[in-house]
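So you can see what is in the structure, the chains are spelled out below.
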Amino acid sequence: MIPAPFDYYAPTTLDEAISLLQELGDEAKILAGGHSLLPMMKLRFASPEQLIDINNIPGLSYIKEEDGFLKIGALTKEAELEHSDTIPGKYPIFLDATKLIADPQVRNMGTIGGNLAHGDAANDHPAVMLAMRAEVVATGPEGQRTIPIDEFFYGFYMTALGETDILTEIRIPIPAAGTGNAYHKLERKVGDYATAGVAVQLTLDSEGVCTYAGIGLTNVNPTPLRAERSEQALLGNKLTEEVIAQAAQFASEDCNPSDDLRGDEEYKRAMVGVLTKRMIHKAMERAQ
Ligand SMILES: Cc1cc2nc3c(=O)[nH]c(=O)nc-3n(C[C@H](O)[C@H](O)[C@H](O)COP(=O)(O)OP(=O)(O)OC[C@H]3O[C@@H](n4cnc5c(N)ncnc54)[C@H](O)[C@@H]3O)c2cc1C
């Protein structure tokens, strides 16, 4: 199908893009990689009257460590994460996630900012960002504000971004020594959205006691979900098989999957348990 007609704008500065959002109102949409928005427009699930393409605005694509954060510009593409020198050492979780997203064509176009701004619980980066306690920088008419990731996703395809906000940066606290992270999703076939996915970040002290635990879940809840009871089960403990099993059990109990063509609720809960155990083990190995 072809989308409904729309007007196209290609601003070259952030200020210009924000002014357009103010002027055009709530029928205007930001266009980044277009790999979530355009399929929705073709299916007529979305029919924005105006598209504001932000790809001509310089300075929104970068991956760098600065001021205690890994900073990712909103227009950074999946493929750039895959090929960045900064990512493999402390952030292998991004390679785990990115390589499971669709196919190279999608990864050459899809942006990390768009992946979060879309607010889709089936996307993979939200769970990763929840596990890593990211912050999202939104720029609007009043300037910049920082939104903790725990406050970013608040409804089905809904985020804390206002109508005149542009997501400009994602900030991830640089992990302490002794940190490991990992992500995996179960998919029906290569390139599919997750049946269930689990992101884990852990920090272990010299005695092997867990001093930080972050666990995010993909596509098993109307919004991306942080498995807080599972995190609490790990914190302050040595990660024995019993402790890990308890965390996995909590994750499978606390998610809210629905029956669909990827599986029924019982199956998805079971898979969340299995993946949580596996990702805790993988994060522990990487923390060594
Ligand atoms: C075949 C296929 C398979 C896919 N499989 C997966 C998968 O397995 N896992 C996965 O995570 N994703 C998957 N995707 C989605 C893909 O990763 C998208 O590219 C991504 O979710 C959205 O990024 P985008 O840059 O394309 O955003 P767009 O499609 O341009 O925008 C998406 C939404 O976010 C808004 N937006 C975008 N950027 C900003 C910004 N900077 N500020 C404010 N609002 C903004 C737009 O207005 C729009 O509402 C798949 C896509 C396709 C086509």
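What comes next concerns the included structure. Note that the structure is a prediction, hence the values are computed from the model and not measured.

How each quantity is defined
The written sequence of each chain sets the order in which its residues are numbered from 1. Under the rules for a predicted model, residues below a pLDDT of 70 receive no local features and side-chain atom pairs below 80 are neither given nor counted, while totals for whole chains, interfaces and linings still include all residues. Side-chain numbers here rest on the full set of heavy atoms in the structure, without hydrogens or water. Only DSSP runs of H or I with at least four residues qualify as helices, and only runs of E with at least two residues qualify as strands; both kinds are numbered from the N terminus onward. A contact between two residues is defined here by any heavy atoms of the two lying within 4.5 Å. Nearness here has a simple test: a residue counts as near a molecule or strand if at least one of its heavy atoms is within 4 Å of that partner. Between N or O atoms, a polar contact is any pair within 3.5 Å; within protein, one atom must be a potential hydrogen donor and the other a potential acceptor, and residues adjacent in sequence are included only when both atoms are from side chains. The accessible surface values rely on the Shrake-Rupley method and a 1.4 Å probe; as for residues, cover is taken only from the protein chains in view. A pair of strands counts as paired when DSSP detects no fewer than two bridges linking them. Angles shown run from 0 to 180 degrees and are taken between the N-to-C directions of axes, each axis being a line fitted to C-alpha atoms and, for helices, limited to the stretch in contact. What makes a salt bridge here is a side-chain nitrogen of Lys or Arg within 4 Å of a carboxyl oxygen of Asp or Glu, nothing more. We call a residue buried when its accessible area falls under 20% of the maximum for its residue type, exposed when it is over 50%, and partly exposed in between, using a 1.4 Å probe and counting protein chains only. Given a helix with a known number of residues, its expected span is that number minus one, times 1.5 Å.

Another aspect to go through is the environment of His-281. Relative to the assigned elements, His-281 resides in helix H11 (residues 265-287). Each C-alpha atom, one on His-281 and one on Asn-181, is 9.7 Å from the other, the two residues being 100 residues apart in sequence. In contact with His-281, other than residues within four places in its own chain, are Glu-241 and Ile-244.

On to unusual backbone geometry, then. Unusually for a residue other than glycine, Arg-44 sits at a positive phi of about 65°. Tracing the backbone through its elements, the reader meets Arg-44 in the loop between helix H2 (37-42) and strand E3 (50-53). Despite not being glycine, Ala-102 shows a phi value in the positive range, around 50°. On the secondary structure map, Ala-102 appears in the loop between helix H5 (92-98) and helix H6 (104-109).

The next point concerns the site of the ligand. For the ligand, the set of nearby residues contains 28 residues, the closest of which are Ile-30, Gly-34, Leu-37, Thr-111 and Asp-124. At 2.9 Å, a backbone N or O of Ser-36 approaches an oxygen atom of the ligand. Between the ligand and Tyr-193, the relevant distance is 3.0 Å, taken from a nitrogen atom to a side-chain nitrogen or oxygen of the residue. When the ligand sits alone it has 960 Å² of accessible area, and the protein chains cover 90% of it. Of all the secondary-structure elements, those providing two or more residues to the shell around the ligand are strand E2 (28-31), helix H7 (112-117) and strand E10 (166-173).

On the basis of which strands lie adjacent, the open sheet formed by 3 strands has the order E1-E3-E2 and parallel pairing. The open sheet has two free edges, formed respectively by strand E1 (7-9) and E2, since each of these has just one partner strand. When the angles between neighbouring strand axes are averaged without regard to direction, this sheet yields 25°. In this structure, E1 lies alongside E3, joined through 3 bridges in parallel fashion. Looking at E3, one finds that Asp-7 is bridged to Gln-50. Helix-sheet contacts for helix H1 (residues 14-24) involve E1, E2 and E3, and the interaxial angle to E3 is about 170°.

What follows covers the pattern of salt bridges. Across all of its chains, the model carries 18 salt bridges by this definition. The salt bridge involving Lys-71 is made with Asp-67; its shortest N-O contact spans 3.4 Å. In this structure, Arg-286 and Asp-96 form a salt bridge, with 2.8 Å as the shortest nitrogen-oxygen distance. In this pair, Arg-286 sits in helix H11 while Asp-96 sits in helix H5, placing the two residues 190 residues apart along the sequence. A relative accessible area of 29% means that Arg-286 is categorised as partly exposed. In this structure Asp-96 comes out as buried when scored by relative accessible area, which is 13%.

The next subject is the pairing of strand E7 (residues 143-148). Relative to E7, strand E6 (residues 135-140) is paired through 6 bridges, and the arrangement is antiparallel. Looking at the pairing, Val-137 lines up with Thr-146 of E7. Between E6 and E7, which pair antiparallel and follow one another directly, the connecting turn spans 2 residues.

This paragraph deals with helix H10 (residues 241-254). Between its first and last C-alpha atoms H10 spans 20 Å; for 14 residues at 1.5 Å apiece the expected length is 20 Å, and the two agree. Where H10 is buried, its residues meet strand E13 (210-218), helix H9 (228-234) and H11.

For the rest of this paragraph, the subject is the sheet that holds E6. Sheet architecture is open: 5 strands sit in the order E4-E5-E10-E6-E7, paired in antiparallel fashion. Of all the strands in the sheet, the pair left with one neighbour each is strand E4 (63-66) and E7. Strand-to-strand, the axes of this sheet are offset by a mean angle of 25°, without reference to chain direction. When E4 meets strand E5 (residues 69-73), the two strands line up antiparallel, connected through 4 bridges.

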